[in-house]
Amino acid sequence: MTQQHTDRQPTIAVIGYGSQGRAHALNLRDSGFDVTVGLRPGGPTEQRATADGFTVVTPAEAAAKADIVAVLTPDMVQAKLYEEVLAPNMREGACLLFAHGFNVHYGRIAPREDLDVILVAPKGPGALVRREYEIGRGVPCIFAVEQDRSGRAEALARTYAAGIGGARANVIRTTFKEETETDLFGEQAVLCGGASALVQAGYETLVEAGYQPEIAYYEVLHELKLIVDLFYEGGIGRMLEFISETAQYGDFVSGPRIIDAGTKARMKEVLADIQDGTFARNWIAEYEAGLPNYKRHRQADLDHPIEETGRKLRAAMQWLQDARPVAAKPAASPATAQTEAA
């Protein structure tokens, strides 16, 4: 029977209980929603969800009872999860929700025709989503509608975003395509790939020139947080307001020597690989092959000399030991994603 319109709040199944899953489940429950957590029996997160007071059932059971099924597991396990567990069990006319559009956008998941399919993505890690909610604020969210079979898909997305606290900040409509492609580009070109490579290259340049590794670390990695915080609080204008005139002049004359037209051209190549599916195909093939290149690259980053220098210096930074609200737990690697998925 097709799900009928009612004024009651939708029942929600949160599938997965990692960083985002836990934050969403807790916030939604505190907002008055009936939340069930779907996890693999005996999995590593079952005990935590139970300790948080949730009814924990299998993903199949959770999906069968919910109006909204929120898929908050790692990207690479979602296609199998949907095909084998969610699709056969979800109610007719239910709503399938994602926090990242990767699998739908690249065709790894073809949702049932009768389902509403939406996306709600907080622009922050799960710990921040929870912390901001607890103190009465919220993290901005973006949302998208891929299928609107009920005529209420946008309303469901906005309701869910409000339930996790996003409406307290800002809620912006996007598309699965735009969210997926911009998210991947940001990670690769700037936030993770670009920033990491820039920091490592700066450290190597100073050390190879004979400067102390500790001084190099402070200058190119440690102080980066100070600049990023200014960006975060008020954009480039706030950064310029708070740095010295000497630093400003260096910004103006040397920044374009490092990030030049060639850099932008290579960014466009990265974006093109994301847009035409090359990156997705390569990542899927890498995962299915057992992650040999991923593991090699990850180990190379962990073995970089800046890491050893940083560990020694951070040990003396007591404030880092006292408070780690957002990044207390390292993100799970894809090698362990299967076991942490449910």
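Now for a look at the structure at hand.

1. Here we look at the environment of Glu269
For Glu269, the position within the fold is in helix α13 (residues 261-275). Using a relative accessible area of 52% as the deciding quantity, one classes Glu269 as exposed. The spatial distance from the C-alpha of Glu269 to the C-alpha of Arg257 is 20 Å, given a sequence separation of 12 residues.

2. Side note on the pairing of strand β1 (residues 12-15)
Sheet faces and side chains relate simply in a regular strand, where the side chains alternate between the two faces. Because side chains alternate across β1, one face comprises the buried residues Ile12 and Val14, and the other comprises Ala13 and Ile15, equally buried. Alignment of β1 against strand β2 (residues 35-38), held across 4 bridges, turns out to be parallel. In the sheet register, Ile15 faces β2, and the bridge partner there is Gly38. Of the crossover connections in this fold, the one passing from β1 over helix α1 (residues 19-30) to the parallel β2 is right-handed. Taken together, the 4 bridges between β1 and strand β4 (residues 68-71) define a ladder with parallel strand orientation. When the sheet's bridge partners are listed, Ile15 is paired in β4 with Val71.

3. Quick word on the state of the cysteines
Using the criterion set out here, one finds 0 disulfides in the structure. The closest cysteine sulfur to the non-disulfide-bonded Cys141 is located on Cys95, 15 Å from its own sulfur. The exposure class assigned to Cys141 is buried, which follows from its relative accessible area of 2%. In this model Cys192 remains outside any disulfide bridge; the closest cysteine sulfur is found in Cys141, 19 Å from its own. Its relative accessible area of 42% is what places Cys192 among the partly exposed residues.

4. Examining helix α7 (residues 153-163)
Since the α-helix advances by 3.6 residues per turn, residues separated by three or four positions end up pointing in the same direction. Along α7, the residues classified as buried are Ala153, Leu156, Ala157, Tyr160, Ala161 and Gly163. All buried residues of α7 fall inside an arc of 160° around its axis, so they share one side.

5. Considerations on unusual backbone geometry
Its identity is not glycine, yet Leu291 carries a phi of approximately 65°, on the positive side. Tracing the sequence through the fold places Leu291 in the loop between α14 (278-288) and α15 (292-303).

Rules used in this analysis
Residues numbered from 1 in each chain as written. Predicted model: local features only at pLDDT ≥ 70, side-chain atom pairs only at ≥ 80, totals over all residues. Heavy atoms only, no water. Helix = DSSP H or I, 4+ residues; strand = E, 2+ residues; numbered from the N terminus. Buried < 20%, exposed > 50% of the residue type's maximum accessible area, 1.4 Å probe, protein only. Pairing = 2+ DSSP bridges. Right-handed = clockwise from strand over helix to strand, strands pointing away. Disulfide = S-S within 2.5 Å. Arc of directions from axis to C-beta.

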